[in-house]
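Structural characterization, general
Listed below, chain by chain, are the residues.
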Amino acid sequence: MLASKRNGTLYVGVTSDLIKRVWEHKQDFVEGFTKKYGVHSLVWFEMHVDMMSAISREKALKEWKRDWKLALIEKANPQWKDLYDDLV
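Residues numbered from 1 in each chain as written. Predicted model: local features only at pLDDT ≥ 70, side-chain atom pairs only at ≥ 80, totals over all residues. Heavy atoms only, no water.

As for the side chain of asparagine 77
Residue position: asparagine 77 is located in the loop between helix H4 (66-76) and helix H5 (84-87). The class of asparagine 77 is buried, set by a relative accessible area of 6%. At 2.8 Å, the side chain of asparagine 77 and the backbone oxygen of lysine 81 are in polar contact. Residues contacting asparagine 77, with those up to four places away along its chain left out, are Val43 and Leu83. (Helix = DSSP H or I, 4+ residues; strand = E, 2+ residues; numbered from the N terminus. Buried < 20%, exposed > 50% of the residue type's maximum accessible area, 1.4 Å probe, protein only. Polar contact = N/O pair within 3.5 Å; in protein donor to acceptor, adjacent residues only side chain to side chain. Contact = heavy atoms within 4.5 Å.)

Considerations on the environment of tyrosine 37
Residue placement: tyrosine 37 occurs in helix H2 (residues 33-37). Classification of tyrosine 37 as partly exposed rests on a relative accessible area of 41%.

Quick notes on helix H3 (residues 51-63)
With 13 residues, H3 ought to run about 18 Å at 1.5 Å a step, and its terminal C-alpha atoms sit 19 Å apart, in line with that. Those residues of H3 that fall on the buried side of the exposure criterion are Ala54, Glu58 and Leu61. For H3, the angular spread of buried residues about the axis comes to 65 degrees, placing them on one side. Turned more than 90 degrees off the buried face of H3, the exposed positions are Met52, Lys59 and Glu63. Packed against the buried residues of H3 are H4. For H3, the capping residue at the N-terminal end is aspartate 50, with a side-chain oxygen 3.2 Å from the backbone nitrogen of methionine 52. (Expected span 1.5 Å × (residues − 1). Arc of directions from axis to C-beta.)

Some details on the nonpolar core
Counting 11 residues, the largest nonpolar core consists of Met1, Ala3, Leu10, Val12, Val43, Trp44, Leu61, Leu70, Leu72, Ile73 and Trp80. With 3 residues, the top contributor of residues to this core is H4. Setting aside chain neighbours within four positions, we find isoleucine 73 in contact with Met1, Leu10, Val43, Trp44, Pro78 and Trp80. Judged by nonpolar contacts, the second largest core, of 6 residues, contains Leu2, Val22, Val39 and Leu42. (Core = buried A, V, L, I, M, F, W, Y, C linked by side-chain atoms within 4.5 Å.)

Description of helix H1 (residues 18-26)
The set of residues buried in H1 consists of Val22, Glu24 and His25. Seen from one end, H1 has its buried residues packed into an arc of 155 degrees, which puts them on one side. On the buried face of H1, the contacting elements are strand S1 (2-3), strand S2 (10-11), H2, strand S3 (41-42) and H5. Just downstream of H1 lies aspartate 28, where phi reads positive at about 60 degrees.

Observations concerning the packing of aromatic side chains
With the rule as written, the count across this model stands at 4 aromatic pairs. Judged by centre distance (6.3 Å) and plane angle (25 degrees), the rings of tyrosine 11 and phenylalanine 33 are stacked. Within this pair, whereas tyrosine 11 is found in strand S2, its partner phenylalanine 33 is found in helix H2, the two being separated by 22 residues in sequence. Judged by centre distance (6.1 Å) and plane angle (80 degrees), the ring pair of tryptophan 64 and tryptophan 68 falls under edge-to-face. Here tryptophan 64 falls in the partly exposed class, since its relative accessible area comes to 25%. Residue tryptophan 68 is classed as partly exposed on the basis of its relative accessible area, which comes to 47%. Grouping aromatic residues by their ring pairs yields a cluster made of Tyr11, Phe33 and Tyr37. (Phe/Tyr/Trp six-rings, centres within 6.5 Å; stacked < 30°, edge-to-face > 60°.)

Right under this line is the structure:
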C-alpha cells in the first residue's frame, strides 16, 4: 500500500517485483492515480506465495473501508515510515 502522506491518499496494488514497482511509482513513470495524487511512500505490504492469492487479497483490500486500511497501516507501521528504503 502506498500513501501520499500520513493519513493521506492511499493506493492498493499488486506486483511480482515490489522494489521495481515502488521505484517506478516514486519516479512517476507510472501514469495515472499515483502520479496524479503524489502517492509515493510504501507504508504497508505483505508477501504471498503465488500471484493468485496476491490478487485475491488486493481485491479484498480494495473493498475495505478507508478506516480499516488506516488501522492496518497503523498496526504494522505506526510512524508511517517509507518502507522502500528497508527493501533496497
